[in-house]
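Report on the structure
Residues per chain, in single letters:
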Amino acid sequence: MSGAPDRPDLIGQRIPRHDARDKVTATIAYAADWAMPGMLHAVVVRSPYPSAQIRRLDAARASAMPGVVAILTAKDVPHNTLATDVPGQTTTVGPLRAHLHVLAEDRVRYQGEPVALVAAETLEQARAAAEAVEVDYEPLPGVFDTATALAPGAPRVHEAGNLLAEWRIARGDVAAALAGAAVVIDGEYETSFVDSGYIEPEAGVAWIDGDGVVTIRLATQVIEHYRDVAEVLGVPQNRVRVIGTYVGGGFGGKEDVTVEVYLGLLAWKTRRPVKMVWTRQESLLSRAKRHPYRLRYRTGASRSGEIVAQQVEIVGDSGAYAYLSALVLLYSTVTAAGPYRVPNVAVHARVAYTNNPPTSAMRGFGAMQVVFGYESQMDRVGAALGLDPVHVREVNALRRGDTLPVGQVIETHVALPVLARRAWDSLGEPTPPRAPHVRVGRGLACNLQPYGRIVWLHDWSSAWVGFEMDGSLVVRCGAPDVGGGQASSLCQIAAGVLGVPLARVSVHISDSALTPLSGTTTASRQLYMSGNATLKAARELREQVLGVAASMLGVAAIELDLVEGEVRARDGRTLALKDVLAGCARASVPRSRLAVYHAPAGEPIGFMKVGGPDMAPHTPQTLAHGPAEPGRGSGKVFPDYTFGAHAAEVEVDTETGVVRILKYVAAHDVGRAINPTSVEGQIQGGVVQGLGYGLLEEVLLDEGVNQTTSFASYLIPAAGDVPDVQPIVCESGEGLGPYGARGIGEPPIGPPAAAIANAIAAATGARLARLPMTGERVLRALGALDGKDG
């Protein structure tokens, strides 16, 4: 590359985000803040039943009500099938492609399933008309737990059967290893339905622009859903545009299609702007949840504490439709043995349809639920052998060059022993109990979390970086910013490479028509993918500009640098950047660069078993069996992993069962912290959300009917529920992102529930095995109440 190597002076600096002031002063516009002249208001008519036949649907009376402009049912949708495969990709893996109806036709399969759309002049008129739509339902038998769903003769959610997907890993001789183990620990664990619980409900506005393009502005993690809207409308993809707003919380809940197809349909039908904002009740009722899991672990270890075998069974609840369940289950299968060397592994993972709310993407995406299982097992192994919690993890931690059970070789540094020791030691001196009935204990939990898409998808991202003639810099990238500082990180990278003050950098994001596409803001992938694309574009632009400057100064480009808006030569001469850019114009050298970053790619190892009409049927898939075999795929599933270790100190009131967190430390190897403040914020936010998952949050269902449709009944952590979370940021420099960064958006949510469970066990001797660990369940585990639960 011509020119001196770029000096990433801004990398690692605590720089305020470009949108921070607007968010703090409440001047930023979220999706629900947008409005247009002549705008209609839209609502969704939803089924009150979790399983029923639609015998009659009559909208005549509702259509005649004042202000009503349009009512749409399934027969009015040009293509009433919506694909719910991995969003944002042009490369798909057949078995992961699933479908559902945009609007229910003759059957509803979960409470809240959309049946009709109403658009009216006012929101009140739209709601009144929605209430007046006449639907005759005939309730049908349903299934509301996976055991029932998978039992012979169970009512079928879909005619092809209730088993949606199945993955297996078989490596080594598990039976022989367990037979020879010094200790074998059996454990059964249960995680709960969890909602994303974000502050901003689903919202957007749509209109037809002057060129006849359906334009939709909404809160989304995936602007590439413009393709889904086009498919439903039956129009070319270039006739739909999606503009993403800044997002008031996503966590995977805005990865699937939410309001965009409804808005597109109504705008197309009425030829008027249309706005839709879900109520809090509607949001909590209708959107997809985190999969609840039933986990069964059998773990064998030697006398020195080395894990010799893991036998794992996973059963997940997909709810009524497939969405991303097969992919979520894959993440669980690959990570089920944790960040440890295990020579003998058998994993059998299944996910089943039920008449519960659908489940799909949520922060941690399947790699999170299994942490509760494998980290509870690690603590129990250590206790059985009299080993320190840190030591038993140090003994078993993966190292570079080790092979995961799926057959993937770990290619980057694993700092787990250091992370575990630092997190544990940072708790400091133990806190003495404040009363005789209060007990204090400490717990440790570690995890590995993939970042980036599975390599089978051949993932890519693009970014454009360009100079204006005055030397100011513009970054364009399709990445939606969901509050993690994605846009600010791209500015920081480009400014560092091109020597431009951050105040002179602007960024345009999340517009399917005007910004280069960059894929989803999911899977902890945007910094990794779009960060690398931005870095590549900036470096190539730097090379172009310094080449022109070199000819202007009569020196080699390697002797030049870009610093603070000017070109500096080693001999002390300088050129104003705007003069060099004028030279670029005269020399016909572009002052911008578009770059595409392609992630490591691979081919599917095989296919999983899937069932139901919305999934393509295949045979059960064994991901790995014995040593790697030619023709069975490389064994590589994910580009790389982020590792973490969390330590918690809790007090348990043995009279009430209430658990209070006294101290919490979270250590992660982030590779390289582009902006330490943002990294720490991601760690702290992930921990708080993980603590809610462990102690408070649960979607309660009564035969498929949601009982928790407000924040009065669905409890999320408040400020008084959590301590100050101490983040420890370790930098190995070995990630695959820009400057060696690793993804950090999802990893911190995994360990908290297990760390708290292990701390409760250390304090009281009671092992909690069901989430959330409410006071009632703690008391039952302590034997203070009759019965046994937990």
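In this numbering scheme, every chain counts its residues from 1 along its sequence in written order. Per-residue local features are limited, in this predicted model, to residues with pLDDT of at least 70; the limit for side-chain atom pairs, both in listing and counting, is 80 or more; totals at the level of whole chains, interfaces and linings are taken over all residues. As a convention, hydrogens and water are excluded, and side-chain values are obtained from all of the structure's heavy atoms.

A closer look at the sheet that holds strand S20 (residues 473–477)
Two strands pair if DSSP finds at least two bridges between them. Helix and strand assignments come from DSSP, with helices taken as H or I runs of at least 4 residues and strands as E runs of at least 2, each series counted from the N terminus. Ordered by their spatial adjacency, 4 strands build an open sheet running S21-S20-S19-S25, and the pairing between neighbours is mixed. Each end of this open sheet is capped by a strand with a single partner; those strands are strand S21 (505–509) and strand S25 (592–598). Within this sheet the neighbouring strands show an average axis-to-axis angle of 20°, counted without direction. Sheet topology places S20 next to S21; 5 bridges connect them, and they run parallel. Within S21, the position partnered with Val474 by the bridge is Ser506. The contact criterion used is simple: two residues touch if any of their non-hydrogen atoms lie within 4.5 Å. For helices, the fitted line uses only the C-alpha atoms of the stretch in contact; every axis is such a line through C-alpha atoms, and the angle between N-to-C directions lies from 0 to 180 degrees. Packing against the sheet, helix H13 (residues 486–498) makes contact with strand S19 (460–467), S20 and S21, and its axis sits at approximately 135° to S20.

Topic: the side chain of Asn532
By the element assignment, Asn532 lies in helix H14 (residues 526–553). Among the polar contacts made by the side chain of Asn532, one reaches the main-chain carbonyl oxygen of Tyr528 at a distance of 2.9 Å. Under this definition, polar contacts are N or O atom pairs within 3.5 Å; protein pairs additionally need one hydrogen-donor-capable and one acceptor-capable atom, and for neighbouring residues in sequence, both atoms have to be side-chain atoms. In this structure the side chain of Asn532 is engaged in a polar contact, spanning 2.9 Å, whose partner is the backbone oxygen of Leu736. Residues within four places of Asn532 in sequence aside, it is in contact with Leu527, Tyr597, Leu736, Gly737 and Pro738.

Section: the environment of Asp388
Tracing the backbone through its elements, the reader meets Asp388 in the loop between helix H10 (369–385) and helix H11 (389–396). Residue burial is assigned from relative accessible area. The probe radius is 1.4 Å, only protein chains are included, and a residue is buried under 20% of its type maximum, exposed over 50%, and partly exposed in between. Looking at Asp388, the relative accessible area reads 34%, which means it is partly exposed. Once the C-alpha coordinates of Asp388 and His348 are considered, the two residues, 40 residues apart in sequence, prove to be 30 Å apart.

What to know about unusual backbone geometry
Geometrically, the link from Leu771 to Pro772 is a cis peptide bond, its omega value of -5° lying close to zero. With respect to the element layout, Pro772 can be found in the loop between helix H17 (752–764) and helix H18 (775–782). Its identity is not glycine, yet Ser588 carries a phi of approximately 60°, on the positive side. Within the fold, Ser588 resides in the loop between helix H15 (577–586) and S25. Residue classification places Ser588 among the exposed positions, given a relative accessible area of 66%.

By themselves these figures say nothing about function.
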